[in-house]
Amino acid sequence: MSAAPSATAAMLAIGDELLSGRTKDKNIGVLAETLTACGIDLKEVRIVGDEPQMIADTLNTLRRSYDLVFTSGGIGPTHDDITADAVAAAFGLPISEHPQAVALLSAHYEQRGLEFTPARRRMTRTPQGASLIDNPVSVAPGFRIDNVFVMAGVPAIFQAMLQNVLPDLPAGQAISSVSIPCPFGEGDIGDPLAAIQSRHPAVSIGSYPSFQRERYSTELVLRSRDEAALAAAARDVEAMLAALAARS
């Protein structure tokens, strides 16, 4: 019996600050590493600004194309935090204060001796039917609606929320990888490496060049969920490098 196909995922990073370069994204890599470890294939990442229609349209494209979608950014207390409204629009759902979120934040600000202002109450708004994603860092929750997980953009909070949704994600078979150092440039290995790739379709072979001390070299990374196929491809790559070395 063949293994069930792995779940697919996409990420939507939201914020004008990402597109202007003011903020350097730190969440994409964390999500990619986490999903890879879970056996989930992150297939696409998009970055959009604070434009409600663009967010909604992009989200609709992604959620209909992949099993899971993760968003980051735009769920804070200020006027430009529009992700919750855009998500509601994408699903065609009304948005309102989530009672559980109101209770959490009300108690949080009361404990700190701070007023629960209208701006802070904005962080309790979710599309109808959404479930909350716990935020152990600053209390204000994210939320899930259908296959979409809406999370904060602040890296520490995003990572904490991501850890809290892991139990809800489908379990997949983790991908194994082998890294092979190659003393040759890509121009030297391009043709034989392509031939190896064609013989091993179950293995993804990537080449990552570098230039140091006036010499080109390449790191070859092989990835697969099939351990036997991975080992066979690695042997072919090692044989290719040995043959090239013997001729040089």
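Refer to the preceding data block for the structure.
As the structure is a prediction and not an experimental result, all values here were calculated from the model.

Draft legend 1. Broad picture of the overall build of the protein chain. The helix and strand inventory of the protein chain stands at nine helices and 11 strands. Since a compact globule built from 248 residues should have a radius of gyration of about 18 Å, the 23 Å found for the protein chain marks it as more spread out than a globular shape. A principal-axis box enclosing the C-alpha atoms of the protein chain has dimensions of 75 × 50 × 35 Å. Burial analysis of the protein chain (248 residues in total) assigns 42% to the buried set. Here the contacts in the protein chain between residues at least 6 apart in sequence split such that 68% fall between residues at least 24 apart. Of the roughly 13100 Å² of accessible surface on the protein chain, 52% is carried by carbon and sulfur atoms. Distance between charge centroids for the protein chain: 1 Å, based on 20 positive and 28 negative side chains.

Draft legend 2. Structural context of the nonpolar core. Membership of the largest hydrophobic core comes to 42 residues, with the highest contact counts inside it found for L59 and F70. Of the residues forming this core, the biggest block, six residues, is contributed by strand β1 (residues 8–14). Residues contacting F70, with those up to four places away along its chain left out, are A9, A10, M11, L12, L31, L35, F149, M151, L162, V165 and L169. Counting residues in hydrophobic clusters, the runner-up holds 18 residues, among them I205, M240, L241 and L244.

Draft legend 3. How the structure looks around the packing of aromatic side chains. Tallied over the entire structure, the rule returns two aromatic pairs. With a centroid separation of 5.1 Å and 15° between ring planes, the pair formed by F70 and F149 is classed as stacked. One end of the pair, F70, is in strand β3 (residues 68–72); the other, F149, is in strand β8 (residues 148–151), and 79 residues separate them in sequence. The class for F149 is buried, based on a relative accessible area of 1%. Relative to F116, the ring of Y109 lies with its centre 5.9 Å away and its plane at 25°, an arrangement referred to as stacked. Take Y109: its relative accessible area is 8%, and that puts it in the buried class. Residue placement shows R63 over the ring face of F91; its charged tip is 3.9 Å from the ring centre.

Draft legend 4. Just the sheet that holds strand β6 (residues 131–133), in detail. Taken in spatial order, the six strands line up as β2-β1-β3-β8-β7-β6 in an open sheet, and their pairing is mixed. Every interior strand has two partners, whereas the edge strands, β2 (41–48) and β6, have only one. Averaged over all pairs of adjacent strands, the angle between strand axes in this sheet comes to 20°, irrespective of strand direction. Bridging between β6 and strand β7 (residues 142–145) involves three bridges; their strand directions are antiparallel. Within the sheet, the bridge partner assigned to L132 lies in β7 and is F143.

Draft legend 5. View of the pairing of strand β11 (residues 215–224). Relative to β11, strand β9 (residues 176–182) is paired through seven bridges, and the arrangement is antiparallel. Residue pairing for β11: V178 is matched across the bridge by L222. Where strand β10 (residues 204–212) and β11 come together, nine bridges link them in antiparallel fashion. Note on β11: the bridge partner recorded for G206 is V221.

Draft legend 6. Local environment of unusual backbone geometry. Here the phi dihedral of V139 falls at roughly 75°; this positive angle occurs in a residue that is not glycine. Position of V139 relative to the elements: it lies in the loop between β6 and β7. The backbone of D146 shows a phi angle near 55°, a positive value even though the residue is not glycine. As for its placement among the helices and strands, D146 is situated in the loop between β7 and β8.

Draft legend 7. Expanded view of the packing of helix α8 (residues 186–199) against helix α9 (residues 227–247). Put simply, α8 and α9 touch, their axes get as near as 10 Å, and they point 155° apart. In this view, α8 runs roughly antiparallel relative to α9, as classed from their interaxial angle. Crossing geometry of α8 relative to α9 is assigned as right-handed. Every residue of α9 that contacts α8 at D188, I189, P192, L193, I196 and R199 is listed here: A233, D236, V237, M240 and L244. Among the residues making up the contact of α8 with α9, the classes are represented as eight nonpolar, no polar and three charged.

Calculation criteria
Residues numbered from 1 in each chain as written. Predicted model: local features only at pLDDT ≥ 70, side-chain atom pairs only at ≥ 80, totals over all residues. Heavy atoms only, no water. Helix = DSSP H or I, 4+ residues; strand = E, 2+ residues; numbered from the N terminus. Rg over C-alpha atoms; globule rule 2.2 N^0.38 Å. Buried < 20%, exposed > 50% of the residue type's maximum accessible area, 1.4 Å probe, protein only. Contact = heavy atoms within 4.5 Å. Areas by Shrake-Rupley, 256 points an atom, 1.4 Å probe, with all protein chains shown as cover. Lys, Arg positive; Asp, Glu negative; His and termini not counted. Charge placed at Lys NZ, Arg CZ, Asp CG, Glu CD. Core = buried A, V, L, I, M, F, W, Y, C linked by side-chain atoms within 4.5 Å. Phe/Tyr/Trp six-rings, centres within 6.5 Å; stacked < 30°, edge-to-face > 60°. Lys NZ or Arg CZ within 6 Å of the ring centre and 35° of its normal. Pairing = 2+ DSSP bridges. Axes fitted to C-alpha atoms, helices over the stretch in contact; angles between N-to-C directions. Parallel < 35°, antiparallel > 145°, perpendicular 65-115°, else oblique. Left-handed = near helix turned anticlockwise from the far one by under 90°. Nonpolar A, V, L, I, M, F, W, Y, C, P; charged D, E, K, R; others polar.

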